[in-house]
Amino acid sequence: ASAQIGVTGLAVMGRNLARNLARNGFTVAVHNRSPERTRSLVAEHGDEGTFVPAESLADFVGSLERPRAVIVMVKAGAPTDAVIDELVPLLEEGDIVVDCGNAHFADTRRREEALRGHGLHFVGTGVSGGEEGALRGPSIMPGGSAESYRKLGPIFEKIAAQVDGTPCCRHIGPDGAGHFVKMVHNGIEYADMQLIAEAYDLLRAGLSASPAEIAEIFREWNGGELESFLIEITADVLAHTDAATGRPFVDVVLDQAEQKGTGRWTVQSALDLGIPITGIAEATFARSLSGHADQREAARRAFPDAGEKWQVDDRETFVEDVRRALLASKIVAYAQGFDHIRAGSREYDWDIDLGGTATIWRGGCIIRARFLDRIREAYDAEPELATLLVAPWFADRVGAGVPGWRRVVADAARAGVPTPAFSSSLAYFDGLRAQRLPAALIQGLRDNFGAHTYRRVDRDGSFHTVWAGDRAEVQA
Ligand code: NDP
């Protein structure tokens, strides 16, 4: 037994993660259900480090030093359970099974409990950054026991992305905490991409600008507060020309966004926890809407474009308004995402450090951005922060952005350009800061039709008005 860690499941993610481990000096046991993948990994990349290939799971487990650490990187869902079931009888007390696939946190909680019953550690781990990240340094979000992190931490922190000398990996919390945080990360990624797409759409409609011209605007934005991987690649994609037609690439791509389901999971979980993550929800629904081709076709026929052109008077002000609206809406989406993590942490007793979470998203992952430093500072300064929106750096940006944000959303509505994420983020902001909400009327209606009772602004207790009778108020 000589390998420090093993990887089973050597498709693109597992293969690259194994290479990353080997390149960082770890001896890596490698295994895949179909042995061709194991052989090709060693044949093509054997010189990058020390691999210990095995064709049976028993030999693979046998090649690991104790306590064994086995990374499972197979298709999420039933395949993960199948591999775990095969592994368990081969392992001994204290060994660690790490699931780096995109599992739902509820599955991770179930698996962790089951393996704990066998004296094994089960570590659901979020890995972000796609195949490039897996190879060159991902953002790693391990859950599971603190004890398992003593073995895994030094390994994962070495292969993770590094920002200012800090690894983009830290122990998130017990059982499903890592996969939960990865899920919300993906939800935020949905919101980020939707906001960028809306900004592009607004610039295109308002300025009648070409994708290449808009690419320049994004490139400029990337030099400031919005600096991020997604803004950077937006400029690249918008500047790209389709070789076959000579047209802008973005104009030849079918306008139906697909999804693998992590946005949906995030929204479902937020509904369960009662956290309004409207930015992520709108982004997820916007992808769904784009995919309903038949409905879109029917609506286009029923409501043909009047052909009026939206012409912005002051281009410079408009571009700056859109930038500020994008930043403010993005702040709302992140504030909501961190609220969601805090609620999950409370519900499941995970004790997640919000500032620490922002730290490990600064590199390796898709939402990596300069602005995550500000989030870390905000939560480090005040862990019980009511909402990220009121932390000084964010409050300044949102406050300064409000007039432009309103102009953009109003102009877009007038021009018929859909901005579900921009406008719902603004509505969320206005909802939070409203002196009074019409929720009072809703309580009145609920009491009227269902005797659901209400509380008063001036007295403690619950009350009911006898609507069908003399309308006297009674204490409930
Ligand atoms: P896939 O999700 O395509 O899974 C293929 C791998 O799963 C192969 O190694 C395959 O083995 C194995 N497998 C499937 N069914 C079984 C089974 N019943 N028993 C044993 N092994 C099985 O691979 P990816 O590399 O794309 O992703 C791996 C995991 O990482 C997934 O959970 C994915 O969601 C997650 N992930 C992926 C990212 C990405 O960018 N692709 C990013 C982050 C996470 P065989 O070769 O024998 O068919």
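The rules behind these values
- Residue positions are counted from 1 within each chain, in the order its sequence is given.
- Residue-level local features of this predicted model are given only where pLDDT is at least 70; pairs of side-chain atoms are given and counted only at 80 or more, and the full residue set underlies all totals for whole chains, interfaces and linings.
- Heavy atoms from the whole structure form the basis of all side-chain values; hydrogens and water molecules are not counted.
- Think of it in three bands: with a 1.4 Å probe and only protein chains considered, a residue is buried below 20% of the maximum accessible area for its type, exposed above 50%, and partly exposed in between.
- In this description a helix means any DSSP run of H or I spanning at least four residues, a strand means any run of E spanning at least two, and both kinds are numbered starting from the N terminus.
- In short, DSSP must find at least two bridges between two strands for them to pair.
- By convention, orient the strands away from the viewer: a clockwise path from the first strand over the helix to the second makes the crossover right-handed.
- When two cysteine sulfur atoms lie within 2.5 Å, the pair is treated as a disulfide.
- Should any heavy atoms of two residues lie within 4.5 Å, those residues are counted as being in contact.
- A molecule or strand has a residue near it when one of that residue's heavy atoms lies within 4 Å.
- For the purposes of these results, a polar contact is taken to be a pair of N or O atoms within 3.5 Å, where, inside protein, one atom must be able to donate a hydrogen and its partner to accept one; residues adjacent in sequence count only when each atom of the pair is a side-chain atom.
- For the area figures, the Shrake-Rupley method with a 1.4 Å probe applies, and any residue is considered shielded solely by the protein chains shown.
- Residues are sorted three ways: Asp, Glu, Lys and Arg are charged, Ala, Val, Leu, Ile, Met, Phe, Trp, Tyr, Cys and Pro are nonpolar, and all the rest, Gly among them, are polar.
- Grouping buried Ala, Val, Leu, Ile, Met, Phe, Trp, Tyr and Cys residues that are joined through side-chain atoms within 4.5 Å yields what is termed a nonpolar core.
- Values of pLDDT, the confidence the predictor places in each residue, fall between 0 and 100.
- Axis definition: a line fitted to C-alpha atoms, limited for helices to the stretch in contact. Angles are taken between N-to-C directions and run from 0 to 180 degrees.
- Salt bridge criterion: a side-chain nitrogen from Lys or Arg within 4 Å of a carboxyl oxygen from Asp or Glu.

Draft legend 1. Representation of the pairing of strand β1 (residues 5–8) in the model. Residues Ile5 and Val7 line one face of β1 and the alternating positions Gly6 and Thr8 line the opposite face, and both faces are buried. As paired elements, β1 and strand β2 (residues 28–31) share four bridges and run parallel to each other. Bridge pairing in β2 links threonine 8 to histidine 31. You can see the chain leave β1, run along helix α1 (residues 12–23) and come back into β2, and the turn it takes is right-handed. The pairing of β1 with strand β4 (residues 69–72) spans three bridges and is classified as parallel. When the sheet's bridge partners are listed, glycine 6 is paired in β4 with valine 70.

Draft legend 2. Looking closely at the state of the cysteines. Going through the model one piece at a time under the given rule, you end up with zero disulfides. Of all cysteine sulfurs, the one in cysteine 169 lies closest to cysteine 100, which takes part in no disulfide; the gap is 9.7 Å. The structure places no disulfide on cysteine 169, whose sulfur is separated from the nearest cysteine sulfur, that of cysteine 168, by 8.9 Å. Using a relative accessible area of 3% as the deciding quantity, one classes cysteine 169 as buried.

Draft legend 3. Quick look at the side chain of threonine 27. Within the fold, threonine 27 resides in the loop between α1 and β2. Taking the relative accessible area as the measure of exposure, threonine 27 reaches 17% and is therefore buried. For threonine 27, the residues in contact, after removing those within four places along its chain, are Ser2, Ala3, Gln4, Ile5, Thr50 and Val52.

Draft legend 4. Just the site of the ligand, in detail. Neighbouring the ligand are 19 residues, the closest being Met13, Asn32, Arg33, Ser34 and Arg37. For the ligand, an oxygen atom lies 3.2 Å from a polar atom in the backbone of lysine 75. In isolation the ligand has 900 Å² of accessible area, and contact with the protein removes 78% of it. Elements with a contribution of two residues or more to the shell around the ligand: α1 and α4 (78–87). Partitioning the shell around the ligand into residue classes produces ten nonpolar, six polar and three charged.

Draft legend 5. Examining the nonpolar core more closely. With 87 residues, the main nonpolar core has Leu203, Phe218, Trp221, Trp361, Ile375 and Trp405 as its most contacted residues. With 15 residues, helix α15 (residues 315–348) is the largest single contributor of residues to this core. Apart from residues lying up to four places away in sequence, phenylalanine 218 is in contact with Ile196, Ala199, Tyr200, Leu203, Ile231, Thr234, Ala235 and Leu238.

Draft legend 6. The arrangement of the confidence of the model for the protein in detail. For the protein, per-residue confidence averages 97 on the pLDDT scale, and 100% of positions sit at 70 or higher. For this predicted complex, the interface confidence score (ipTM) comes to 0.97, while the overall pTM stands at 0.97.

Draft legend 7. The arrangement of the sheet that holds strand β5 (residues 96–99) in detail. Read from one edge of the open sheet, seven strands run β3-β2-β1-β4-β5-β6-β7, paired in mixed fashion. Both outer strands of the open sheet, β3 (51–53) and β7 (139–142), are each paired with one neighbouring strand and no more. Ignoring strand direction, the axes of neighbouring strands in this sheet form an average angle of 25°. Taken strand by strand, helix α5 (residues 105–116) contacts β5 and β6 (121–128), and its axis lies near 150° from that of β6. Sitting on the sheet, helix α8 (residues 177–207) touches β5, β6 and β7, and the angle it makes with β6 is about 15°.

Draft legend 8. Highlighting the pattern of salt bridges. Scanning the entire structure with this criterion turns up 41 salt bridges. Its salt-bridge partner being glutamate 92, residue arginine 68 comes within 2.9 Å of it at the nearest N-O pair. Taken together, the residues arginine 68 in the loop between α3 (57–62) and β4 and glutamate 92 in the loop between α4 and β5 connect sequence positions 24 residues apart. Classification of arginine 68 by relative accessible area gives buried; the value is 10%. By relative accessible area, glutamate 92 is classed as partly exposed at 37%. Here arginine 170 makes a salt bridge to aspartate 353, at a shortest N to O gap of 3.5 Å. One end of the pair, arginine 170, is in the loop between β9 (166–167) and α8; the other, aspartate 353, is in the loop between α15 and α16 (354–360), with 183 residues separating them in the sequence. By relative accessible area, which is 31% here, arginine 170 ends up partly exposed. Shared partners join several salt bridges into a network, and the residues in it are Asp81, Asp99, Asp107, Arg110 and Arg111.

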